[in-house]
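Chain and residue survey
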Amino acid sequence: MDNLSEVLRHLREAGGFISGDHIAGRLGVSRTAVWKYMNQLERYGYDIDKSKGKGYRLVGTPDRLYGWEIDRYRSGGRIGSKIVHKESIDSTNIFAFKQALAGEAEGTSVVAESQDLGKGRLGRKWSSPMGKNIYLSVILRPSIHPSIVYPITFLSSLAVSDTIEGFAGVTATLKWPNDVLVRGRKISGTLIELSTEADMVRFVVIGIGLNVNMGPEDMDREIRATATSLFMETKKTYERPRVCGILLSNLERYYDLFKREGARAICDIWEERARIRGKHLTINQMGEVFSGTAKGIDRDGAILLEIGGTTKKILAGDVNF
Ligand code: BT5
C-alpha cells in the first residue's frame, strides 16, 4: 500500500496536473508502474484525470474509510498504525477478536463501511448502515488484571466525546456505562470484549460505533426516537476518515494516560465529565432495578449507588433517567 499512498500524496500536493515521469522519478519506479497505480486508485473509487501531454490530476476522492486516508489525520502512535478496511462485514469486533487470537499486535484497528451483525452489549444490535458512520474496533494488549478492564470503556467514551466536541462543536454528555449522547440522544456506544489467561488480560477489543453522516431515513425504526448523528445535530456532513483519524489519536492519548496513571485516573476524568455525583439514578441490572443517589465511580468502573443508607456497587447495567 505504501507506493499507492505515495502516489496519492504526490497527486494531492501537486494540486493540478503532475507528470507520470515526475512521480516515477520520486518513487524510483517505471512510468508503467505509475500508470498501474493510477488504475488501482481508480478501482478504489478515486477520480483521476489522465491527459497525454500533462499527466495526471486528482479530481475526486471516494467517501471511504481507507486506512491511508485515516492515517493523514492521525497523530502517529500505536493505535491505528495498522488499519484493516472492510466494505461490509459481520462485525468489526468479531473480526478484530479473531485477529487478536491469531496474534495481531496492539493498535491494529478494523474499520468497516457497514456491518450485518453489529453488536451492542448483552446481545443487543448496533444499527450499521452503509457508508454513513464509523464502525471501529481496536486491539489493545494492556498488562493489567481483568478486574480493571472496565474503565477502558470510559477511555473510549472520553475519546469519542473529545472528538465530536472538537470537530463539530456539539456538547457531548456521558452516560454510564458506555454511551455518548448529544442533546439526550445516543450518538455513540462502546462494546469492549476481552480474552484473559490466568490473572492477566491477554487482549481487549474496543468496539466503537459513532454516528457521523446518518440521517433519520438511514435509521432502523427502533432507534429513530433515541439516536442522533453529527449530521443531524449540525446539518453538515463530515469527512469520516478525518473523524476516525482524530478519534484514533484521542484514543491513543487516553490509553497512554491509562497505562501511565492507571484506571483510577480515567475513572476520575469520566466521573467529573459525566457529573454523576449526587444524581438520582435508576439502573436496570439484568432485570433487577435499583434506584438511588450516585456516589461516584469505583476504580473498576462500577457505579456506587446509595440506596436507603447503604452503598450498592453495580458493575453492569443500563441507566434510565
Ligand atoms: C452499545 O451497546 O452501545 C455498544 C455499541 C458498539 C458498536 C460497535 S460498532 C463497531 C464494533 N463492532 C460491533 O459489532 N460493535 C462495535 P448498548 O449499550 O447495548 O446499546 C445498544 C442499543 O443502542 C440498542 O439496543 C439500540 O437501542 C441502540 N442503538 C443501536 N444502534 C444504534 C445506533 N447506530 N445509534 C444509536 N443508538 C443505537
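Here, every reference points to the structure presented above.
Rules and cut-offs
- Residues numbered from 1 in each chain as written.
- Predicted model: local features only at pLDDT ≥ 70, side-chain atom pairs only at ≥ 80, totals over all residues.
- Heavy atoms only, no water.
- Helix = DSSP H or I, 4+ residues; strand = E, 2+ residues; numbered from the N terminus.
- Rg over C-alpha atoms; globule rule 2.2 N^0.38 Å.
- Buried < 20%, exposed > 50% of the residue type's maximum accessible area, 1.4 Å probe, protein only.
- Contact = heavy atoms within 4.5 Å.
- Areas by Shrake-Rupley, 256 points an atom, 1.4 Å probe, with all protein chains shown as cover.
- Lys, Arg positive; Asp, Glu negative; His and termini not counted.
- Charge placed at Lys NZ, Arg CZ, Asp CG, Glu CD.
- Pairing = 2+ DSSP bridges.
- Phe/Tyr/Trp six-rings, centres within 6.5 Å; stacked < 30°, edge-to-face > 60°.

Looking now at the overall build of the chain. The helix and strand inventory of the chain stands at nine helices and 14 strands. For the chain, the C-alpha radius of gyration of 22 Å lies close to 20 Å, the compact-globule estimate for 321 residues. Along the longest, intermediate and shortest principal axes, the C-alpha atoms of the chain span 80 × 45 × 30 Å. Taking all 321 residues of the chain together, the buried fraction comes to 53%. Long-range contacts, defined here as pairs at least 24 residues apart, represent 62% of the contacts in the chain between residues at least 6 apart. Entry remark: accessible area of the chain is about 14,700 Å², with carbon and sulfur atoms responsible for 48%. With 46 positive and 39 negative side-chain charges, the chain shows a spacing of 2 Å between the two charge centroids.

For the rest of this paragraph, the subject is the side chain of N211. Counting through the fold element by element, N211 comes out in the loop between β9 (200-210) and α7 (230-234). In this structure, N211 is in contact with W126, N133, K186, I187, A227, T228, S229 and L230, ignoring residues within four places of it in sequence.

Turning to the pairing of strand β2 (residues 55-60), a few remarks are in order. Alignment of strand β1 (residues 47-51) against β2, held across five bridges, turns out to be antiparallel. Bridge assignment links S51 to a residue of β2, and that residue is G55. Linking β1 back to β2 in an antiparallel pair, the connection comprises three residues.

Attention shifts here to the pairing of strand β10 (residues 280-285). Burial of the side chains of β10 is restricted to one face: L281, I283 and Q285 are buried, whereas none of H280, T282 and N284 on the reverse face is. Relative to strand β11 (residues 288-297), β10 is paired through six bridges, and the arrangement is antiparallel. If you follow Q285 over to β11, its bridge partner there is E288. Taken together, β10 and the strand that follows it, β11, pair antiparallel across an intervening segment of two residues, in which M286 is found at a positive phi of about 50°. Across three bridges, the pairing between β10 and strand β14 (residues 318-320) is antiparallel. Along β14, the bridge assignment pairs I283 with V319.

Applying the stated criterion across every chain yields a total of eight aromatic pairs. Between the aromatic rings of Y44 and Y66, the centroid separation amounts to 5.2 Å while the plane-to-plane angle is 70°, which identifies the pairing as edge-to-face. Of this pair, Y44 sits in the loop between α3 (31-43) and β1 while Y66 sits in the loop between β2 and α4 (67-70), placing them 22 residues apart in sequence. Accessibility expressed as a relative area gives 7% for Y66, which makes it buried. Between Y66 and W68, the ring centres sit 4.7 Å apart and the planes meet at 20°, which makes this aromatic pair stacked. Relative accessible area serves as the criterion here: at 15%, W68 is assigned to the buried category. These aromatic residues form a ring-pair network of at least three members: Y44, Y46, Y66 and W68.

Next up on the list: unusual backbone geometry. Cis geometry is found at the peptide bond from W176 to P177, where omega equals -5°. Within the chain, K235 stands out as a residue other than glycine whose phi angle is a positive 60°. Relative to the helices and strands, K235 resides in the loop between α7 and α8 (240-261). Exposure remark for K235: the relative accessible area of 65% places this residue in the exposed category. The backbone of R275 shows a phi angle near 45°, a positive value even though the residue is not glycine. Within the element layout of this structure, R275 appears in the loop between α9 (263-274) and β10. Using a relative accessible area of 67% as the deciding quantity, one classes R275 as exposed.

None of the figures reported here should be taken as evidence of function without further support.
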